[in-house]
Amino acid sequence: MDCLFCRIAAGDIPSTKVYEDDAILAFRDINPQAPTHILVIPKAHIGSVAELTEEHAALVGHIFAVIPQIARQEGLTGGFRVVSNCGPDAGQSVPHLHFHILGGKELSLEMA
Ligand code: DGP
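All of these numbers come straight from a predicted model, not from anything done at the bench.

Draft legend 1. Inspection of the site of the ligand at higher detail. In the vicinity of the ligand lie 15 residues, with Arg28, Asp29, Asn85, Ser93 and His100 positioned nearest. Contacts to the ligand include arginine 28, whose backbone N or O atom sits 2.8 Å from a nitrogen atom. Measuring from an oxygen atom of the ligand, one finds a side-chain N or O atom of asparagine 85 at 2.8 Å. When the ligand is considered free in solution it has 510 Å² of accessible area, and contact with the protein chains removes 83% of it. Secondary structure elements with two or more residues in the shell around the ligand: α1 (4-10) and β2 (24-28). Top contributing element to the shell around the ligand by residue count: α1, with 3 residues. Among the residues forming the shell around the ligand, the class breakdown is 7 nonpolar, 6 polar and 2 charged.

Next comes the structure, spelled out in structure tokens:
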């Protein structure tokens, strides 16, 4: 399958990595919406949150154990936001599950 984030996970397309292990990769967003804007992805292809099942519980748990590590590493002491856009109404533009970590400034509370 020709998936942009699968290609980034495979190293075929370069990215600025901030964390990597066997299961997941975190890298800087190419179009940052905040001073710190990182994407966390599973290396295995999952389309979005809409495709998650109990089968993915350990993987999602792992992602959410690593997110605070990344936030600490990035010095986001004032807080941060975790966002996953799911489907067209949410503006998902890359159909591979990803969690945005946004921080480094006071973020707007606007949600829609
Ligand atoms: P979303 O709109 O939630 O699907 O977020 C997709 C994000 O992916 C968007 O913030 C921009 C980012 N992005 C798209 N293409 C690339 C790329 O080639 N490299 C990196 N680092 N980020 C990308």
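Draft legend 2. Quick look at the nonpolar core. In this structure, Ile24, Ala26, Ile38, Val40, Ile63, Ile70 and Ile101 are the most contacted members of the largest nonpolar core, which totals 17 residues. Listed by contribution, the elements that provide at least two residues to this core are β1 (17-20), β2, β3 (36-42), α2 (57-73) and β5 (99-103). The dominant element in this core, judged by the number of residues it contributes, is α2, at 6 residues. Beyond its immediate chain neighbours, meaning those up to four positions away, isoleucine 38 contacts Val18, Ala26, Phe27, Arg28, Asp29, Ile70, Glu74, Phe99, His100 and Ile101.

Draft legend 3. Representation of the packing of aromatic side chains within the structure. Counting across every chain of the model gives 2 aromatic pairs. Pairing phenylalanine 5 with phenylalanine 27 gives two aromatic rings, centres 5.5 Å apart and planes at 85°, and the pair type is edge-to-face. A residue pair is termed long-range when its members are at least 10 positions apart, and phenylalanine 5 in helix α1 and phenylalanine 27 in strand β2 qualify at 22 residues. Of the two residues, phenylalanine 5 and phenylalanine 27, both sit in the buried class. Ring centres of phenylalanine 64 and phenylalanine 99 lie 5.2 Å apart, and the angle between their planes is 80°; this geometry places the pair in the edge-to-face category. In this pair, phenylalanine 64 sits in helix α2 while phenylalanine 99 sits in strand β5, placing the two residues 35 residues apart along the sequence. Look at phenylalanine 99 and you get buried, because its relative accessible area is 6%.

Calculation criteria
- Residues numbered from 1 in each chain as written.
- Predicted model: local features only at pLDDT ≥ 70, side-chain atom pairs only at ≥ 80, totals over all residues.
- Heavy atoms only, no water.
- Near = heavy atom within 4 Å.
- Polar contact = N/O pair within 3.5 Å; in protein donor to acceptor, adjacent residues only side chain to side chain.
- Areas by Shrake-Rupley, 256 points an atom, 1.4 Å probe, with all protein chains shown as cover.
- Helix = DSSP H or I, 4+ residues; strand = E, 2+ residues; numbered from the N terminus.
- Nonpolar A, V, L, I, M, F, W, Y, C, P; charged D, E, K, R; others polar.
- Core = buried A, V, L, I, M, F, W, Y, C linked by side-chain atoms within 4.5 Å.
- Buried < 20%, exposed > 50% of the residue type's maximum accessible area, 1.4 Å probe, protein only.
- Contact = heavy atoms within 4.5 Å.
- Phe/Tyr/Trp six-rings, centres within 6.5 Å; stacked < 30°, edge-to-face > 60°.

Purely geometric numbers; function is a separate question.
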